[in-house]
Amino acid sequence: MEKSPLQLARAEYQPKLPKALQGPVKAKEGNPTQSVGNQEEIKKLFPNTYGMPVIEFESGEPYEMAPFNVGVILSGGQAPGGHNVISGLFDGIKTLNKDSKLYGFILGPGGLVDHKYMEITSDMIDEYRNTGGFDIIGSGRTKLEEEWQFEKGIKILRELNIKALVIIGGDDSNTNACVLAEYYAAKEYGVQVIGCPKTIDGDLKNEQIETSFGFDTACKTYSELIGNIQRDCNSSRKYWHFIKLMGRSASHIALECALQCQPNICLISEEVEEKAMSLDDVVAYIAEAVAARATDGNNFGTVLIPEGIIEFIPAIKKLIAELNDVLATDEAKEVARNKQLDYVKEHISEENLKVFNSLPTEVAEQLALDRDPHGNVQVSLIETEKLLSHMVATKLEKMKKAGKYVGKFAAQHHFFGYEGRCAAPSNYDADYCYSLGFNATRLIANGKTGYMSIIKNTNSPADQWIAGGVPITMMMNLEKRNGKMKPVIRKALVELDGAPYKYFVSKRETWARYTSYVYPGPIQYFGPSSVCDQPTITLQLEQKK
Ligand code: FBP
C-alpha cells in the first residue's frame, strides 16, 4: 500500500500505555455488582455472568503462559482507532507468548457465523498501526443473538483453537457480546468473550466507561470542518449554514462540537424532549435567533443539529414507538414493501396518524419503513437540516409580513458523519484504543468472560490511566426492542444536569446573538502536548474536580 509522508511518520508512533500495563499485571477485584436496572430479571437471564466484580489491574509478578489464540470482530459503524485496538490485542498476546495467534472475522459478526476469517500477521498490523478505518478486516451490522449463530460460531472457534473472542462494538454489539458470553459459559464451551467500547456517538459511557473510542477524533474532525464553515460564513456574511451531525440518538457529538466551535445555535435533542418541544417550537427558536442577528445586520450564522433530533420531539417519539410495535407483528412482516405505508396508516392511532400526516412524505416514509438490523430508525438518512431550514424560511416570511423580521435569509446544508468515522485517530484515540486492546488480553489471561475492557482517568497523562474490566451485565436493563422487552446496555444520553451541557447553556445566548466563533483547525499529531494530546472538552468538563 502506498503511503503519504504523514502516514509514514504516523506509522512510527508508539501509542502510550497505562503504567500498570507496561509490565506483568495482577487483577484487583472489587465488590459484586448489580445491573443498572431490572436487577431480578437481568440476574435470571444471565445466571453465569451476573454480579461479577469490577476489576482493576496493578503491577504483578511475571508469569508464563502457553500459546493461545484470540478472535476479533469489528462490529457496527466505523470509529477512529479500531485498528489500534487490534494492534494492542496483537502486541498484548505476543507479550504473553510470542506463538499466540490473532484471527480476524471478516465484515463483522457475520464473519463468525459464516466462518470467514483471516490470521492477522505482524506485517498486516504494521500496515495499519495508527490508521483510521476498519478495513483491516471490515465491519458489519449482523445481529448476533440467535442460538444457531452461537452454535455455528463455536464450531469455527474450536477449529481455530480460539480461547477468547473480542467484540469491538457499541451498545447493541456489546449487548450481543454479553448474551454470547452467557451462552458459552452456560454450555461450558470454554470460550471467553470480551467487549471493547466503540462508537463515535459517545453514548456508550457510564460510571465505568469514560468515553467510547472514536468520539474524540470524530468530534475534532467535525469541529475542524465547522470551524472552516464558520470562517467562510464570517467572510461572505450571506448564508445561514444548517449542519447536521451524526450521533444517532444522543446529542454528545453536537454538544462537543458546539463547545469547540461556539456556533450561533446548537440544538440538543435531550433538551427538546425534556421541554416537550414540538417541531414548530424548534423552528420558532431558530427563526427568532436568525431575526435577532438580522437586527444587528448579521444575516449569517451556523446551526448545529444532532441527527437524532426528530426522535426526541415527543409527538414524533410517540409515533415511532407505535410504528415499532405495528411493524414488529408477523402480519406486518408479510406485507409487501409498496403496501407497507398504507398498512401502517391503517394500524396506528388517530392521534399518531395526525402527526404522521403532518410530516413531509420523505420523512414519514423514513420513520415508517427503514430500520437497521437492531430495529433503530435510520436517522442518518433523514435530511433534518433541510427540513428545518425550509421550515425556518417559511416562518421568517410570516415574521417579515408581521414586521418582526428585517433580514435576508439564504441557507446552505451539510451533513457531517461519514467524514469523521474513519479519520486517522488523534493521539488520544490512538493511545486509548491501543490500551483497550492490550488490556483486553490481560482480561483474557485472567480467565475473564462477559467483561468489557476499560481504561479510566484518561483526562490525565497516559501513564496515570487506570486499566481494568467491567462486567457487561452491570450496564444492562430491560428495554422494548422490535415489540419485545429485551436486556440491553443502557444508552447514555446528554445529561441536562451535567457539566458540559450546563457550560453550553451558560454561553449559548451570547453565541446566538454575537459572532463568537472558534476555529479549532485540523487534528495535530506532532507538536506540543497542549495541542496534540487534549481530550474532548466534554471529558475535561465531566472530570473537572
Ligand atoms: P455505531 O453505533 O455502530 O458505532 O454506529 C454509529 C453511527 O455512526 C451513527 O452515528 C449513525 O447513525 C449510524 O452509525 C449510521 O449507520 P450506517 O453506517 O449503517 O450508515
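Here, every reference points to the structure presented above.
Note that the structure is predicted; figures quoted are calculated from it, not measured.

S.K.: What's the story with the packing of aromatic side chains in this structure? I'm lost.
M.R.: Any pair of aromatic rings gets described here by the distance separating the centres and the angle formed by the planes. One pass over the full model with this rule turns up 14 aromatic pairs. When the centroid spacing of 5.5 Å and the interplanar angle of 35 degrees are considered together, the rings of Tyr-428 and Tyr-432 count as tilted. Linking Tyr-428 with Tyr-432, this pair stays in helix 20 (residues 427-445), spanning 4 residues, or about one helical turn. Tyr-432 gets classed as buried once you look at its relative accessible area, which sits at 1%. Both rings, one in Tyr-432 and one in Trp-465, keep their centres 6.4 Å apart while their planes meet at 80 degrees; by these two values the pair is edge-to-face. Taken together, the residues Tyr-432 in helix 20 and Trp-465 in the loop between strand 12 (451-456) and strand 13 (466-471) connect sequence positions 33 residues apart. Across this residue pair, the class does not change: Tyr-432 and Trp-465 are buried.

S.K.: Just to check I follow, could you spell out helix 18 (residues 384-401) for this structure?
M.R.: Every α-helical turn comprises 3.6 residues, leaving residues that sit three or four positions apart pointing alike. Between its first and last C-alpha atoms helix 18 spans 26 Å; for 18 residues at 1.5 Å apiece the expected length is 26 Å, and the two agree. Taken as a whole, helix 18 has its buried residues at Thr-384, Glu-385, Leu-387, Leu-388, Ser-389, Val-392, Leu-396 and Met-399. As for helix 18, its buried residues are in contact with strand 8 (240-245), helix 11 (279-295), strand 10 (301-306), helix 12 (309-312), helix 17 (361-369) and strand 11 (411-416). After helix 18 finishes, the residue Gly-403 shows a positive phi value of roughly 70 degrees.

S.K.: Would you mind going over the site of the ligand with me for this structure?
M.R.: The environment of the ligand is made up of 14 residues, and the closest members are Gly-77, Asp-201, Glu-307, Tyr-418 and Arg-421. Within the contact set of the ligand, an oxygen atom lies 2.9 Å away from a side-chain nitrogen or oxygen of Thr-199. Glu-307 places a side-chain nitrogen or oxygen 2.5 Å from an oxygen atom of the ligand. Relative to its unbound accessible area of 480 Å², the ligand is 85% covered by the protein chains.

S.K.: Just checking my understanding: could you explain the side chain of Ser-87 for this structure?
M.R.: Tracing the backbone shows Ser-87 in helix 3 (residues 82-96). If near-sequence neighbours (up to four positions away) are discounted, Ser-87 is found in contact with Ile-125, Arg-129 and Tyr-434.

S.K.: Explain helix 16 (residues 350-358) to me, please; I cannot follow it from the model alone.
M.R.: Looking at helix 16, one finds that the buried residues are Asn-352, Val-355 and Phe-356. One face of helix 16 carries all of its buried residues, which in axial projection span an arc of 100 degrees. Turned more than 90 degrees away from the buried face of helix 16, the exposed residues are Glu-350, Lys-354 and Ser-358. Against the buried residues of helix 16 lie helix 13 (314-328), helix 15 (337-347) and helix 17.

S.K.: What am I meant to see in the pairing of strand 13 here?
M.R.: Along a regular strand, successive side chains alternate from one face of the sheet to the other. Burial analysis of strand 13 places 5 of its 6 residues in the buried class, the great majority of the element. Summarising the sheet, strand 2 (residues 55-59) and strand 13 pair through 2 bridges and their orientation is antiparallel. Counted as the bridge partner of Glu-56 is Gly-468 from strand 13. Taken together, the 6 bridges between strand 12 and strand 13 define a ladder with antiparallel strand orientation. Across the sheet, the residue bridging to Met-452 is Val-470, located in strand 13.

S.K.: It is not clear to me how the packing of helix 13 against helix 16 should be interpreted in this structure. Could you clarify?
M.R.: Packed helix pairs are characterised by how far apart their axes lie and by the angle those axes make with each other. Relative to each other, helix 13 and helix 16 sit at 115 degrees, their axes nearing to 9 Å. Between helix 13 and helix 16, the angle is such that the two are roughly perpendicular. Read as a crossing pair, helix 13 and helix 16 show a hand that is left-handed. Touching Ala-315, Ile-316, Lys-318, Leu-319, Glu-322 and Leu-323 of helix 13 are Glu-351, Asn-352, Val-355 and Phe-356, all from helix 16. A breakdown of the residues in the contact of helix 13 with helix 16 according to their chemical character gives 6 nonpolar, 1 polar and 3 charged.

Criteria and thresholds
Residues numbered from 1 in each chain as written. Predicted model: local features only at pLDDT ≥ 70, side-chain atom pairs only at ≥ 80, totals over all residues. Heavy atoms only, no water. Phe/Tyr/Trp six-rings, centres within 6.5 Å; stacked < 30°, edge-to-face > 60°. Helix = DSSP H or I, 4+ residues; strand = E, 2+ residues; numbered from the N terminus. Buried < 20%, exposed > 50% of the residue type's maximum accessible area, 1.4 Å probe, protein only. Expected span 1.5 Å × (residues − 1). Contact = heavy atoms within 4.5 Å. Near = heavy atom within 4 Å. Polar contact = N/O pair within 3.5 Å; in protein donor to acceptor, adjacent residues only side chain to side chain. Areas by Shrake-Rupley, 256 points an atom, 1.4 Å probe, with all protein chains shown as cover. Arc of directions from axis to C-beta. Pairing = 2+ DSSP bridges. Axes fitted to C-alpha atoms, helices over the stretch in contact; angles between N-to-C directions. Parallel < 35°, antiparallel > 145°, perpendicular 65-115°, else oblique. Left-handed = near helix turned anticlockwise from the far one by under 90°. Nonpolar A, V, L, I, M, F, W, Y, C, P; charged D, E, K, R; others polar.

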